[in-house]
Amino acid sequence: MTFDPQRSLAQVRHEFGEHGGVNMSIEASTTFTVLDAEVMPEIFQGQRGPDQGGCYLYGRHFNPTVYVLGRYLAALEGTEAAYCTASGLSAIAAAIIQLCEPGDHIVSGDTIYGGTHALLKEFLPAKNGIETTFVNIADHEALAGAMRKNTKVIFCESLANPTLVVADIPTIAEIAHANGSQLIVDNTFTPMLISPAQLGADVVVHSMTKFLGGASDHIAGTVCASQKFIMSMMDLHMGALMLLGPTMDPSVAAALSLRLPHLGLRMAEHSRRAQAFAERMAERNLNVVYPGLPDHPGHDLFRTLANEGYGFGGVFALDTGSRDKAFELMDELQNTHRFGFQAVSLGYFDTLMSCSASSTSSEMSEEDLEAAGIKPGLVRISIGYTGTLEQRWAQFAEALGKVALL
Ligand SMILES: *Cc1c(COP(=O)(O)O)cnc(C)c1O
C-alpha cells in the first residue's frame, strides 16, 4: 500500500481560528446571513453550496466547523468528501437509506455491531421494505451466491466486531461491483490501519465515538465517500442526512478535530500493547483471538491490506470458556486490580472490557450468535495505553491466576 493516512492528513489545508488561532473557531450559529437576496433561491435549489459562493444556509445543512472536520476525515480515508453525523449508527443508517429503495436487498457480514445487525435484520425490513441476507464475509462463494439483481449494497466491517474476522475488501468490492452494487465498510475498529476506500470500498463509515474520539466523551459518526454521494446525502429534497437530521454539533466537531493529529500515535500504541498481551496469552495456551497472531485466520490477509506502521489494532478477545468465568475475570480485573473498566465501547485511553454475547451483541438471537462464533465466555478487551505495559501485564496475569485461567 502506498497510501499513508498520516501523510494525507498533514496535507489537508489547515483551518485557522477566527482571530488567527492555531485551532479552528467553533461556529456557534444555526443560521447564516445571505447578503444578496438573488442568491437565496440558488442556494435552495442546491446550486450554490459553501464552496460555490453561496453560504452555509442552516446548521442542519452545513456548518463550517463540521464541514472542516469532514475535510479532515476525507483526508484520513483518502476520499473526495466526508460529512460528520451525531452518531456512528446514524452515519450507517443514512448511508444505507440513501442507497436503497423499498424492495431492495442488502448482503451483510454476519458478524457486525449489534445495533447495525438490529437495523438490518429488524428495522429496515419492517419500516422500509429493505431485506438483508447475512453471510460469513470470509466465505466469498457464499457472498457471491447471496447477491441478487436488486442487491444494492454489501455491508461489512473492516475487522468484524467482536470475533475480529478480517474483510478481504478488494475481493468483496469486486463481487459488489460485478453486480452493480456498492460496498459500505464500517472502519470503526481500524482507523489509520486500514483504508477501505483505497482498497475498493465506495463508502466508509465510522463510529467516531471509539478510536477517532479516543476519550469516550462524544457520540459521533462520519460518512466518507465521493463528493457526489456526500452531496446527495445533503440534498434538500432527497438527502438522508439533511432530512433525517442526525446533525453533529459544531462544538463536538471542534473537540474531535483536536483528536485527529495524534490518532496515528494512539493507534500504534494500542496495537503495540494488544500485540504484546496477545502473544503472552498465546504462549500460555490461552484461547486468544487477535489478528496480529500468526495463527489468526486473517493474519496474512491483514498484512496485505494494512497501512504500514500501525499494527493490528487495539482489540483482542479472550475465550474464557463460560459466561461465569468471563464475569469473574472482569470483576477481578476491575475491582481488585483497577486494570480497566467493565463497559461497552472501545478505543478509550483506558482499557474497556465486555462480554460480547451478553452485551454489545445481545441484540442477536442465540442461533445468530452461534453462527457468528460469538461464544458466551468471550471477553472483548479494548486495550488502553495508560500506565506501563509491564505494570498492566502483571495485573492481568495475576487476575488470570486468581480465576484459574493461568
Ligand atoms: C459503536 C459502533 C457503532 C455504532 O456507533 P455509535 O457511535 O455508538 O452510534 C457502529 N459500528 C461499530 C463497529 C461500532 O463499534
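Keep in mind that this is a model prediction, so the values were computed, not measured.

Enquirer: Mind laying out unusual backbone geometry, listing which residues take part and the relevant values?
Expert: The phi torsion at Ser-216 lies on the positive side, around 50°, for a residue other than glycine. On the secondary structure map, Ser-216 appears in the loop between strand S6 (203-207) and strand S7 (221-225). In this structure Ser-216 comes out as partly exposed when scored by relative accessible area, which is 40%. Phi angles above zero are rare outside glycine, and Asn-285 is one such case at about 60°. Looking at the element boundaries, Asn-285 is found in the loop between helix H11 (263-283) and strand S8 (288-289).

Enquirer: Help me get a handle on the pattern of salt bridges, residues and values and all.
Expert: Within this structure, the stated rule accounts for 12 salt bridges. A salt bridge links Arg-71 to Glu-15, with the nearest nitrogen and oxygen atoms 3.4 Å apart. Placement of Arg-71 in helix H3 (residues 64-77) and of Glu-15 in the loop between helix H1 (5-11) and helix H2 (39-44) is noted, with a sequence separation of 56 residues between them. Taking the relative accessible area as the measure of exposure, Glu-15 reaches 23% and is therefore partly exposed. In this structure, Arg-392 engages Asp-350 in a salt bridge whose closest nitrogen and oxygen atoms are separated by 4.0 Å. Highlighted residues: Arg-392 in helix H15 (residues 389-402) and Asp-350 in the loop between strand S10 (341-342) and strand S11 (352-355), separated in sequence by 42 residues. Assigned by exposure class, Arg-392 and Asp-350 land together as buried. Overlapping salt bridges, with partners in common, bring together Arg-13, Glu-15 and Arg-71 in one network.

Enquirer: Outline helix H13 (residues 323-336), supporting the account with residue identities and numerical values.
Expert: Taking 1.5 Å of rise per residue, the 14 residues of H13 would be expected to cover 20 Å, and the 19 Å separating its terminal C-alpha atoms lies within 8% of that figure. Within H13, burial applies to Ala-326, Leu-329, Met-330, Glu-332 and Leu-333. Take H13 and look down its axis: the buried residues cluster within an arc of 160°, on one side only. Elements in contact with the buried residues of H13: strand S9 (315-319), S10, S11, strand S12 (378-382) and H15.

The rules we used
Residues numbered from 1 in each chain as written. Predicted model: local features only at pLDDT ≥ 70, side-chain atom pairs only at ≥ 80, totals over all residues. Heavy atoms only, no water. Helix = DSSP H or I, 4+ residues; strand = E, 2+ residues; numbered from the N terminus. Buried < 20%, exposed > 50% of the residue type's maximum accessible area, 1.4 Å probe, protein only. Salt bridge = Lys/Arg side-chain N within 4 Å of Asp/Glu carboxyl O. Expected span 1.5 Å × (residues − 1). Arc of directions from axis to C-beta. Contact = heavy atoms within 4.5 Å.

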